[in-house]
Amino acid sequence: MFKSGVGFLALFGLGWWLLATSAFDGTARLIEVVAGCAVALGLMLAARRFLPPSAGGPFPADRRRRFNQINGFQWLLIIAIAVVCARAGMPVLVPPLVAIVVGLHFLPLAVVFEQPRLRVPAALLIAAGMSGLAVWLTNGPDGTVRLVVGLVAALSLWGMAIWTVTGAASAAARAVRE
């Protein structure tokens, strides 16, 4: 499940969802948090049920090294964004800028994993970040920035997880018929 990426997509999608829910208060937020947890759990259970145990398999050493480099660089950029935005008194810019960085990190991962479809969440996460910046530039409230970025990012990652699981389930069904 985590080797295929679905677990990561589900959990990081939940993180973005929780960011989006921060725009709400009270019972509405509680319901949204519970719904997000249910979606993430459902995706992980679906991955466990429908993905073959070998999904993703072990990485060859060169791919693992490249994956680690890409992710390490991504996390360094995220830390730098958080520090610079905090010191500049602009914490509202952290989510949109992080979404852009996370989206960009999917582009080299598409090559590493030989998965061109990873360009889809890359584009959607970059769009999420750009949308959040647009809301901020038009003097939208901080909560709306978080809502826009978090919602688009969460749905993008969860959509990719669904695509992965349904693709594996379809392939398994085709294999059984043949």
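Scope of this entry: the structure provided in the associated data block. (Residues numbered from 1 in each chain as written. Predicted model: local features only at pLDDT ≥ 70, side-chain atom pairs only at ≥ 80, totals over all residues. Heavy atoms only, no water.)

## A few points about helix H1 (residues 6-21)
For step 1, the next point in the chain: In this model, H1 (16 residues) spans 22 Å end to end at C-alpha, consistent with the 22 Å of a helix rising 1.5 Å per residue.
For step 2, the next point in the chain: Taken together, the buried positions of H1 are occupied by Val-6, Gly-7, Leu-9, Ala-10, Gly-13, Leu-14, Trp-16, Trp-17, Leu-19, Ala-20 and Thr-21. (Helix = DSSP H or I, 4+ residues; strand = E, 2+ residues; numbered from the N terminus. Expected span 1.5 Å × (residues − 1). Buried < 20%, exposed > 50% of the residue type's maximum accessible area, 1.4 Å probe, protein only.)

## Considering the side chain of Thr-21
For step 1, the next point in the chain: Turning to its location among the elements, Thr-21 is positioned in helix H1.
For step 2, the next point in the chain: Assessed through its relative accessible area of 2%, Thr-21 is described here as buried.
For step 3, the next point in the chain: Once residues within four sequence positions are removed from consideration, Thr-21 is found in contact with Arg-29, Glu-32 and Val-33. (Contact = heavy atoms within 4.5 Å.)

## Re a nonpolar patch on the surface
For step 1, the next point in the chain: Side chains of Phe-8, Phe-12 and Trp-75 sit close together on the surface and give an oily, nonpolar patch of about 330 Å² of accessible area.
For step 2, the next point in the chain: Considering the arrangement of structural elements, one finds Trp-75 in helix H3 (residues 61-87). (Patch = residues over 30% accessible without salt bridge, like charges linked within 9 Å, V, L, I, M, F, W, Y side chains within 5 Å. Areas by Shrake-Rupley, 256 points an atom, 1.4 Å probe, with all protein chains shown as cover. Salt bridge = Lys/Arg side-chain N within 4 Å of Asp/Glu carboxyl O.)

## A word on the packing of H1 against helix H4 (residues 94-112)
For step 1, the next point in the chain: Between H1 and H4, whose axes approach to 12 Å, the crossing angle comes to 160°. The orientation of H1 with respect to H4, classified from their angle, is roughly antiparallel. Of the two possible hands of crossing, H1 and H4 adopt the one that is left-handed. Contacts from Leu-9, Trp-16 and Leu-19 in H1 reach Pro-95, Val-98, Ala-99 and Phe-106 in H4. (Axes fitted to C-alpha atoms, helices over the stretch in contact; angles between N-to-C directions. Parallel < 35°, antiparallel > 145°, perpendicular 65-115°, else oblique. Left-handed = near helix turned anticlockwise from the far one by under 90°.)

## Description of the nonpolar core
Here is a general trend for soluble globular proteins: nonpolar side chains tend to be buried in one another's company.
For step 1, the next point in the chain: Counting 43 residues, the largest nonpolar core has Trp-16 and Phe-106 as its most contacted members.
For step 2, the next point in the chain: Every residue in contact with Phe-106, bar those within four places of it in the chain, is listed here: Leu-9, Leu-118, Pro-121, Ala-122, Leu-125 and Leu-157. (Core = buried A, V, L, I, M, F, W, Y, C linked by side-chain atoms within 4.5 Å.)

Keep in mind these values describe shape, not function.
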